[in-house]
Amino acid sequence: MSEELFSGIQNAIVELNEQALSDLTGEVLAAGVNPVKVIEEAYTVGIQRVGKLFEDGDYFLPELIAAAEMVKDSVDRLQKTIPKGSIKDKGVFLIGTVAGDIHDIGKNLVATMLSTQGIKVIDIGVDCPVDKFIDRALEEEADIIGASCLLTMTAPEQKKLVDRLRERGLRDRFKVIVGGAAVDHTWARDIGSDGYAADLKEAVDVALSMLAAGKGQLA
Ligand code: B12
C-alpha cells in the first residue's frame, strides 16, 4: 500500500499534477503512514526525479519552480502531523541557506527531520549572510549552525562562515555542519567544518552524535 502511494506521489510531482499530489497526501494522512518515511521515500525522490529531468534538459525553470512549490505545500501539510520530540532536550540547531542561494527544499527537509528527533530547529531562511547565521545563533543559544548550499558559486560562503566565527572569537562556541548538493565531505573537511551530511539520515545521525558527544565528526 505504501509502495503504491509513494510511487503515486513521486509521479504526481514529476507530472506536476497538483490535484493528484494533494489527494495522495490526503490518503497518506488518512492511512497514518509514517510522515518521515513519506518525506524520505516519496517527496525527496520525486523532486530528485524532477531535478534529473531539468539536468537532462527535458524540464525548464518553470517546471522546477512548480514542482518545488507543490512539494513545499505538501511537506508543510504533512509536517503539522509529525510529533515533535521534547523541545530543547537535545539541543538547538540553527539552519539556513547561504547568501546568494535561494534553494530551500533540502534545508526544509533537514529541518523537519531534525525537529522530529527532539532537536529545537531555528530556520533562518535563504540567502543568509554569514553574520546573520552567527548573530541569530548567539540570540537563540544554538549548539550547531547548519549551512545549506546548492550552488557551486556560493559554496565559499560556508568557508566564510567558519572563518568569520574564528574572526569573532566564536569558533569553539558553535559546531558547524554543512550540506547541500554543491558540497561534499572533502570540502567540509577542507574548510574546517565540524561535520557534513549528504542526506536526511546522515544529517540526523551527525547532529545527534555531535550533540551527544559535544565534538565534531570529521577526521
Ligand atoms: C529545485 C531546484 C531549483 C528551484 C529551487 C526551489 C526551492 N525552493 O528550493 C529553483 C527553480 C528556484 C532553482 C533556481 C536556480 N537553480 Co536550481 N535546482 C533545483 C534542483 C533541480 C533540485 C534541488 C533540490 O531541491 N533537490 C532536492 C533536495 C532534497 O536535495 P538537496 O537540496 O541536495 O538536499 C539534500 C542534501 O543535500 C542535504 N542537505 C541540504 N541542505 C543541507 C543543509 C545541512 C546543514 C545538512 C546537514 C544537509 C543538507 O540533505 C537534503 C536531503 O537529502 C537542483 C538540481 C539537483 N540535482 O540538485 C538545481 C540546481 C541546484 N540549480 C542550479 C541552478 C544553476 C539554479 C539557478 C542559478 C538557475 C537559473 N539559471 O536561474 C537558480 C538559482 C537561484 C539562486 N540564486 O539560488 C544548479 C546548480 C549548479 C551548480 N553546481 O552551481 C543545479 C544543480 C541544477 C543544474 N544541474 O544546473 N533551482
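None of the values given here were measured: they were computed from a predicted structure. (Residues numbered from 1 in each chain as written. Predicted model: local features only at pLDDT ≥ 70, side-chain atom pairs only at ≥ 80, totals over all residues. Heavy atoms only, no water.)

K.L.:
Please explain helix 3 (residues 35–55) as it appears in this structure.
P.N.:
For an α-helix, the turn length of 3.6 residues means that residues three or four places apart are oriented alike. Compared with an ideal rise of 1.5 Å per residue, which puts 21 residues at 30 Å, helix 3 spans 28 Å between its outermost C-alpha atoms and is within 8% of the ideal. Bending of helix 3 peaks at approximately 25° at the position of T44. Restricting attention to buried positions, one finds in helix 3 the residues P35, V36, V38, I39, A42, Y43, T44, G46, I47 and V50. The inward-facing, buried residues of helix 3 abut helix 1 (2–14), helix 2 (18–31), helix 4 (61–79), helix 5 (105–115) and helix 9 (200–213). Downstream of helix 3 by one or two residues, G57 has phi in the positive range, about 80°. (Helix = DSSP H or I, 4+ residues; strand = E, 2+ residues; numbered from the N terminus. Expected span 1.5 Å × (residues − 1). Bend = angle between axes of the 7 residues up to and from the residue. Buried < 20%, exposed > 50% of the residue type's maximum accessible area, 1.4 Å probe, protein only. Contact = heavy atoms within 4.5 Å.)

K.L.:
Quick question: what am I supposed to make of the nonpolar core here?
P.N.:
Buried together is how nonpolar side chains tend to be arranged in soluble globular proteins. Ranked by internal contacts, the top residues of the largest apolar core, which has 42 residues, are I9, I13, V38, I39, Y43 and F93. Of all elements in the fold, only helix 1, helix 2, helix 3, helix 4, strand 1 (92–97), helix 5 and helix 9 reach the threshold of two or more residues within this core. Residue contributions to this core peak at seven residues, all from helix 3. Those residues within four positions of Y43 in sequence are excluded, and the remaining contacts are I9, I13, L21, T25, V38, V71, S74, V75 and L78. Listed in part, the 26 residues of the second largest apolar core include I124, C128, I134 and A188. (Core = buried A, V, L, I, M, F, W, Y, C linked by side-chain atoms within 4.5 Å.)

K.L.:
Looking at this structure, I do not really get the coordination of the cobalt atom of the ligand. What am I missing?
P.N.:
Reference values for angles at a metal are 109.5 degrees in the four-donor tetrahedral case and 90 or 180 degrees in the six-donor octahedral case. Just one protein atom donates to the cobalt atom of the ligand; it is H103 (NE2), sitting 2.3 Å from the metal. Relative to the assigned elements, H103 resides in the loop between strand 1 and helix 5. (Donors = N, O, S within 2.8 Å, 3.2 Å for Na, K, Ca; no water.)

K.L.:
Looking at this structure, I do not really get the pairing of strand 4 (residues 175–179). What am I missing?
P.N.:
Consecutive side chains along a regular strand alternate between the two faces of the sheet. Of all the five residues making up strand 4, four are buried; the element is thus mostly covered by neighbouring parts of the structure. Pairing of strand 3 (residues 144–148) with strand 4 involves five bridges; the strand directions are parallel. Considered in strand 4, the bridge of S148 is made with G179. In this fold, the crossover linking strand 3 to strand 4 by way of helix 7 (residues 156–167) has right-handed handedness. Direction of pairing for strand 4 relative to strand 5 (residues 195–197): parallel, over a ladder of three bridges. If you follow G179 over to strand 5, its bridge partner there is A197. With helix 8 (residues 185–190) bridging strand 4 and the parallel strand 5, this β-α-β connection has right-handed handedness. (Pairing = 2+ DSSP bridges. Right-handed = clockwise from strand over helix to strand, strands pointing away.)

K.L.:
When you look at the side chain of T97 in this model, what are you seeing that I'm missing?
P.N.:
Mapping T97 onto the fold places it in strand 1. By relative accessible area, which is 0% here, T97 ends up buried.

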